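Spelled out from the first residue to the last, the chains are:
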Amino acid sequence: MEPFFGLMDELIESLRRHCFMSLSGSEFHIAKYPAGSHYDRHLDQFNERSNRQITVLIYLNQNWKKGDGGELKIYKDDKQILVEPIAKRLLLFKSDVVEHEVLTTKVPRYSLTGWLLHQPATVGYLFR
Ligand SMILES: O=C(O)CCC(=O)C(=O)O
Ligand SMILES: [Fe+2]
């Protein structure tokens, strides 16, 4: 996993330098969507924990083919964009504005999802 985290550090550095984003952490997980499952339309930034700035998605489905389902549907104004979850495809989007949904997959589907964070969730918390 070390080469992967090295690349993510480079990505964070580029976003800091070229997009002037103040990013200071990240979190990642690998998700398996069993056949028949989906993920309803949502935003990745929740009210109670709003430090997710950028969503990173990397698809891991070597043999994905049309008809397998599990596309990512992105809602952009009144348009919708379908992204096929094919292996090695990488997507980046702003966690607080881009609504998205995972359509029902007919085969087991794997994705690596990460979030680049504004600051660690616990920093800046006010105790009273
Ligand atoms: O796997 C995907 O395509 C999207 C996953 C997702 O939306 C999430 O974990 O928040
Ligand atoms: Fe999401």
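Everything numeric here is computed off the predicted structure, so don't read it as measured data.

Novice: Help me out: how do you make sense of the packing of aromatic side chains in this one?
Specialist: Ring pairs (aromatic) are described by centroid distance and by the angle formed between their planes. Under the defined criterion, the tally for this structure stands at 3 aromatic pairs. Pairing Phe4 with Phe5 gives two aromatic rings, centres 5.2 Å apart and planes at 70°, and the pair type is edge-to-face. Look at Phe4 and you get buried, because its relative accessible area is 14%. Overall, Phe5 belongs to the partly exposed group, its relative accessible area being 39%. Here a set of aromatic residues connected by ring pairs shows up, and it is made of Phe4, Phe5 and Phe28. Looking at Arg41, its charged tip hangs above the ring of Tyr75, at a distance of 3.7 Å from the centre. Stacked on the ring of Trp115, the Lys or Arg Arg52 has its end atom at 3.6 Å from the ring centre.

Novice: Any chance you could explain the site of ligand 1 here in plain terms?
Specialist: Near ligand 1 you find 13 residues, and of these Asp44, Tyr59, His100, Arg109 and Ser111 are the closest. Taking Ser111, its side chain carries an N or O atom lying 2.8 Å from an oxygen atom of ligand 1. Notes on ligand 1: free accessible area 300 Å², of which the protein chains cover 96%. Within the residue set of the shell around ligand 1, elements represented by two or more residues are strand 2 (39-42), strand 3 (52-59), strand 7 (99-102) and strand 8 (109-117). Sorting elements by how many residues they give to the shell around ligand 1 places strand 8 first, with 4 residues.

Novice: Sorry, what's going on with the sheet that holds strand 4 (residues 72-76) here?
Specialist: Within a sheet, adjacent strands bond to each other through the backbone by hydrogen bonds, running parallel or antiparallel. Taken in spatial order, the 4 strands make up an open sheet running 2-7-4-5, and their pairing is antiparallel. With one partner strand each, in any of the chains shown, strand 2 and strand 5 (79-83) form the two edges of the open sheet. When strand polarity is set aside, the average angle formed by the axes of neighbouring strands in this sheet is 15°.

Novice: Got a minute to help me understand the coordination of the iron ion (ligand 2) in this structure?
Specialist: Here the iron ion (ligand 2) is held by His42 (NE2), Asp44 (OD) and His100 (NE2), and the distances to it run 2.1 Å. Of note, the donors binding the iron ion (ligand 2) are all from one chain and are spaced H-x1-D-x55-H. Each member of the pair, His42 as well as Asp44, carries the same accessibility label: buried.

The rules behind the values
- Sequence order sets the numbering: in each chain, residues are counted from 1 along the sequence as written.
- All chains are assigned letters beginning at A, and all ligands numbers beginning at 1, according to the order in which they are written.
- The model is predicted, so local features are restricted to residues of pLDDT at least 70 and side-chain atom pairs to those at 80 or more, both for listing and for counting; the totals for chains, interfaces and linings are taken over all residues.
- Based on all heavy atoms of the structure, the side-chain values leave hydrogens and waters out of the count.
- For Phe, Tyr and Trp, rings pair up if their centres lie within 6.5 Å, where Trp contributes its six-membered ring, and each pair is then called stacked (planes under 30 degrees apart), edge-to-face (over 60) or tilted (otherwise).
- Exposed residues in this analysis have more than 50% of their type's maximum accessible area, buried residues have under 20%, and partly exposed residues fall in between, with area computed by a 1.4 Å probe over protein chains only.
- Charge-over-ring contacts are defined here by two conditions on Lys NZ or Arg CZ: a distance within 6 Å of the ring centre and an angle within 35 degrees of the ring normal.
- For this description, a residue counts as near a given molecule or strand if any of its non-hydrogen atoms is within 4 Å of it.
- Pairing of N or O atoms within 3.5 Å defines a polar contact, subject to two protein rules: one partner must be a possible hydrogen donor and the other a possible acceptor, and residues neighboring in sequence count only if both atoms are side-chain atoms.
- In these tables, accessible area is a Shrake-Rupley quantity obtained with a 1.4 Å probe, and a residue counts as shielded only by the protein chains included in the view.
- Counting from the N terminus, the helices are the DSSP runs of H or I reaching at least four residues and the strands are the DSSP runs of E reaching at least two.
- Two strands are counted as paired when DSSP detects at least two bridges linking them.
- Under this scheme, a helix contributes an axis fitted over its contacting stretch, all axes are lines through C-alpha atoms, and angles between N-to-C directions fall in the 0 to 180 degree range.
- Here the coordinating atoms are restricted to nitrogen, oxygen and sulfur within 2.8 Å of the metal centre, or 3.2 Å for Na, K and Ca, and because water is not among them the sites may look incomplete.

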